[in-house]
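# Observations on the model geometry
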Amino acid sequence: MLSQIESKPMPYKLYLAIVEDFNKLTSFSRKAENMIRKKYKDIPSTTIGSIISMLVQRSMKLSYRKSPVISSRYYDLYENLIKKEDKSEVIIQLADSQGISPALFVRSLLQNVYTDSTMVKKCLKDSTIIENKDLAFQVFLGIMHDNQYGPYADIIKQSIGLEYELRLEQELKTMNITFSDESILRLRGYDKTPDFKLDVPIAVDGFVVNWIESKALFGDEENHLGYLKEQLICYWNRFGPGLVIYWFGYLETLENTPEVNSMFILRTKFPSKDTITQYKIDM
């Protein structure tokens, strides 16, 4: 079984310092990401990576605009630069100059080439089907130089989420804690379900837990509020109090919100055996 050390909530000042350094970046490539990772090398790699990922996503939502005019302008810039002898950094240079991630830039290029959105998606997943060999290579580079967008990045994030759900499932089985997972709950007619609904509640440090939700990311105020509105309040209304695991850490200010330690508790790993009280049903 994979082990993990329980991490303390991140101080708000440290989080603000990371955000400030991120806002100074002029690139969203892997190279720029590694600069922040190097500066905050004492922070677990999964934590700093998750924070950077969230900040990139939010930045792109604010700055990226999908339109034929923008796609055409990007393509004109691309055609001018691709004529030069050194083509190795074309996509990275253009993405940096426009302040968007490499994968988003190549998506915009393809939208200028293909009117069919389905074809654009196919080309992003498999650049070998693009007839123009220079464009095919640049699309491939754009995808590979982007940790946050594109099909490869999506697959990696989905895989990480599944990995930690499986880790949690194994922890429950090791403790002989019986549960119903999302698939079973949906068969029972629930539309919004936690990852695991415990068949018999447990207590963690004296707090009753009926369900557990796995989040393979860092929890800050913005994404936590989203989860609260879309998921966690619903779980509490239906099943009572529960446990949310932010595997990559969470912001210390979340501990002061009214729902924490009343509707649910927060942890960064599955609770240790000595903090868990298991109840038995009399037959």
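All of these numbers come straight from a predicted model, not from anything done at the bench. (Residues numbered from 1 in each chain as written. Predicted model: local features only at pLDDT ≥ 70, side-chain atom pairs only at ≥ 80, totals over all residues. Heavy atoms only, no water.)

### What to know about the pairing of strand E4 (residues 242-246)
On any regular strand, side chains alternate: one points to one face of the sheet, the next to the other face. Counting buried positions along E4 gives five out of five residues, so the element sits mostly inside the fold. The parallel pair strand E3 (residues 207-215) and E4 is bridged by helix H11 (residues 221-239), and the resulting crossover is right-handed. Two elements, E4 and strand E5 (residues 264-267), share four bridges in a ladder whose sense is parallel. Within the sheet, the bridge partner assigned to leucine 243 lies in E5 and is isoleucine 265. (Buried < 20%, exposed > 50% of the residue type's maximum accessible area, 1.4 Å probe, protein only. Helix = DSSP H or I, 4+ residues; strand = E, 2+ residues; numbered from the N terminus. Right-handed = clockwise from strand over helix to strand, strands pointing away. Pairing = 2+ DSSP bridges.)

### Observations regarding the pattern of salt bridges
Scanning the entire structure with this criterion turns up eight salt bridges. Close ionic contact of aspartate 191 with arginine 238 constitutes a salt bridge, the shortest N to O distance being 2.8 Å. Of this pair, aspartate 191 sits in the loop between helix H10 (182-187) and strand E2 (196-204) while arginine 238 sits in helix H11, and the two are 47 residues apart along the sequence. The class of aspartate 191 is partly exposed, set by a relative accessible area of 47%. (Salt bridge = Lys/Arg side-chain N within 4 Å of Asp/Glu carboxyl O.)

### Points about a nonpolar patch on the surface
A cluster of nonpolar side chains, namely Phe137, Phe140, Met144, Tyr152 and Ile155, defines an oily patch on the protein surface of about 450 Å² accessible area. Those elements that provide at least two residues to the nonpolar patch are helix H8 (133-144) and helix H9 (151-174). Ranked by the residues each element gives to the nonpolar patch, the list is headed by H8, at three residues. Tracing the sequence through the fold places phenylalanine 137 in helix H8. With a relative accessible area of 43%, phenylalanine 137 lands in the partly exposed category. (Patch = residues over 30% accessible without salt bridge, like charges linked within 9 Å, V, L, I, M, F, W, Y side chains within 5 Å. Areas by Shrake-Rupley, 256 points an atom, 1.4 Å probe, with all protein chains shown as cover.)

### A few points about unusual backbone geometry
The backbone phi angle of asparagine 176 is positive, close to 55°, even though this residue is not glycine. Relative to the helices and strands, asparagine 176 is located in the loop between H9 and strand E1 (179-181). For asparagine 176, a relative accessible area of 66% translates into the label exposed. Even without a glycine there, the phi angle at aspartate 205 is positive, about 50°. In this fold, aspartate 205 is placed in the loop between E2 and E3. According to the relative accessible area criterion, aspartate 205 is exposed, its value standing at 52%.

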